[in-house]
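Here's the letter readout for the chains.
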Amino acid sequence: MAPVRALIVGAGSRGEVYSRFSLDNSENFQVVGVADPRLFRCQRLQQQYNIPQENVFTDWQEAAEREKFADCVVIATPDQQHKDPAVAFADRGYHILLEKPMAVTEEDCHEIVSACKRNNVILSVCHVLRYFPPVRKIKELIDSGVIGDVVHIQHMEPVGFWHFAHSFVRGNWRKTEESSFSLLAKSCHDVDLISYWLAKSRCVKVSSFGSLTHFKPENKPAGAASRCLDCQVESTCPYSAKKIYMKRLQQGHTGWPVSVVCPQEPVDVENLTEALRTGPYGRCVYDCDNDVVSNQVVNFQFDGGQTASFNMVAFTQEICERQTRISGTKGELRCSGPGPVYVYDFLTQKSTEHRCETAPPNMMRGMHGGADFFLIDAFVKAVQSGDRSAVLTGPQDTLQSHLLVFAAEQARLQDRVITIHPDGSYS
């Protein structure tokens with residue numbers, strides 16, 4: 001089969017990750033274009049993948065106006081900039097790999113799905129956790145009936161204390177108006193997983209509670225400065241930008257999150273110091289303009305009587321290592337992070353360990369435990385073959401789980417139980 005030719009729209013962290021698939025799979029996937037308003041980001045990908053100059057754009061609209069020159073587009077722009085390029089490239093006949101969340105409003109989500117259906121193009125939304133080997137093993141075990149009928153799912157995402165400070169206090173996802181609310185930005189993955197595991201049932205009611213705690217001006221320590229580099233109490237603060245970024249750089253780590261902080265290359269002590277002195281990531285966590293919640297719980301009621309609860313919390317040692325416990329009528333399943341998955345059988349009163357698949361050696365292996373590799377591999381195969389069954393995160397499933405996220409946030413904001421209708425709408 002001919003390789004899938006890809007245009008990368010948004011050459012930041014996620015755009016770079018998906019591009020790496022071509023490094024080990026050039027016979028199946030080739031990066032032939034890039035669009036990003038930051039020229040140095042474009043040039044980085046241009047050099048790495050030998051992209052022709054005529055296919056380098058600082059405005060994605062220029063690429064969309066060109067005669068179609070690729071088979072697919074990878075859209076990894078900021079959350080609020082997903083809808084317009086997705087619709088435009090769908091109308092040009094490009095298959096679409098779209099970073100999550102699909103969009104930041106219900107209306108935009110519906111419009112993206114409609115555009116992809118209207119143009120008969122493949123849409124794969126990057127709910128990478130559906131491709132995460134432990135998640136797929138859990139799905140396999142549930143469907144096998146080994147724990148009987150599912151009664152309850154308890155699922156938790158520990159964001160990590162410094163990761164939350166980086167992304168949701170100082171970073172791009174700190175403010176709802178400029179990005180989206182926490183449940184959509186960080187945990188739409190997890191709501192989607194609960195729907196995926198209970199695919200034979202439909203959620204009928206949802207409630208939610210949560211708030212922003214700790215990262216507020218009233219919790220600023222006495223004597224603290226507005227920036228960590230100038231702060232006399234910095235050494236006593238676990239959220240210090242010097243600890244999170246400078247210490248990592250001194251240990252030789254120039255990738256995420258340090259690379260996000262430096263607006264220009266090279267990523268060195270001089271540029272990082274300047275970025276911390278003048279940029280958003282050097283601010284005191286108690287002096288930021290953040291408003292997204294730092295802890296949230298969502299409760300789900302399904303039409304078969306099953307229940308589920310999801311917790312997202314900032315203040316953890318682990319970073320995004322999900323904790324899952326599923327209770328069934330014949331047994332209990334539990335999994336932490338990358339696995340293995342354990343099943344306890346009520347009849348034999350014995351626990352069985354289930355190992356999970358691993359990604360083959362590749363340049364993406366460390367990303368989301370191999371899930372990024374499996375996601376883009378499935379997308380490329382679907383584009384090459386036309387068989388959309390390889391895509392686990394297609395338009396309709398993703399739309400339904402996004403609508404559930406929007407409903408859960410409304411339940412939190414309105415402090416009430418929300419009813420979910422069969423079409424995904426709610427009241």
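You'll find the structure just up there.
Every value quoted in this text rests on a predicted model; they were computed, and no experiment measured them. (Residues numbered from 1 in each chain as written. Predicted model: local features only at pLDDT ≥ 70, side-chain atom pairs only at ≥ 80, totals over all residues. Heavy atoms only, no water.)

Enquirer: Sorry if this is basic, but what is going on with the sheet that holds strand E12 (residues 331–336) here?
Expert: Picture the strands of a sheet paired through backbone hydrogen bonds; they go either parallel or antiparallel. Here we have nine strands laid out as an open sheet, ordered E14-E13-E12-E11-E7-E10-E9-E8-E15, and mixed in their pairing. Across the chains shown, the open sheet's two edge strands, defined by having one partner strand only, are strand E14 (350–354) and strand E15 (418–419). Relative to the sheet, helix H10 (residues 188–197) contacts strand E7 (150–158), strand E9 (295–302), strand E10 (307–313) and strand E11 (323–328), its axis offset from that of E7 by approximately 160°. Strands in contact with helix H15 (residues 395–414) are strand E8 (203–211), E9 and E15; relative to E8, the strand with the most contacts, it is inclined by about 55°. (Pairing = 2+ DSSP bridges. Helix = DSSP H or I, 4+ residues; strand = E, 2+ residues; numbered from the N terminus. Contact = heavy atoms within 4.5 Å. Axes fitted to C-alpha atoms, helices over the stretch in contact; angles between N-to-C directions.)

Enquirer: So what exactly am I meant to see when it comes to the state of the cysteines here?
Expert: Counted under the stated rule, the structure contains zero disulfides. With no disulfide of its own, cysteine 228 lies 6.2 Å from the sulfur of cysteine 284, the closest cysteine sulfur. Cysteine cysteine 237 remains unbridged, with the sulfur of cysteine 228 as its closest cysteine sulfur at 6.3 Å. Looking at cysteine 237, the relative accessible area reads 17%, which means it is buried. (Disulfide = S-S within 2.5 Å. Buried < 20%, exposed > 50% of the residue type's maximum accessible area, 1.4 Å probe, protein only.)

Enquirer: Help me understand the pairing of E10, please; the structure alone is not making it clear to me.
Expert: Walk down a regular strand and you will see the side chains alternate between the two sheet faces. Counted residue by residue, E10 has five buried out of seven residues, so it is predominantly covered. Sheet topology note: the E7/E10 ladder contains seven bridges and is parallel. The residue of E10 that forms the bridge with methionine 156 is asparagine 311. As paired strands, E9 and E10 are joined by seven bridges and run antiparallel to one another. Among the inter-strand pairings, valine 298 is bridged to a residue of E10, identified as phenylalanine 310.

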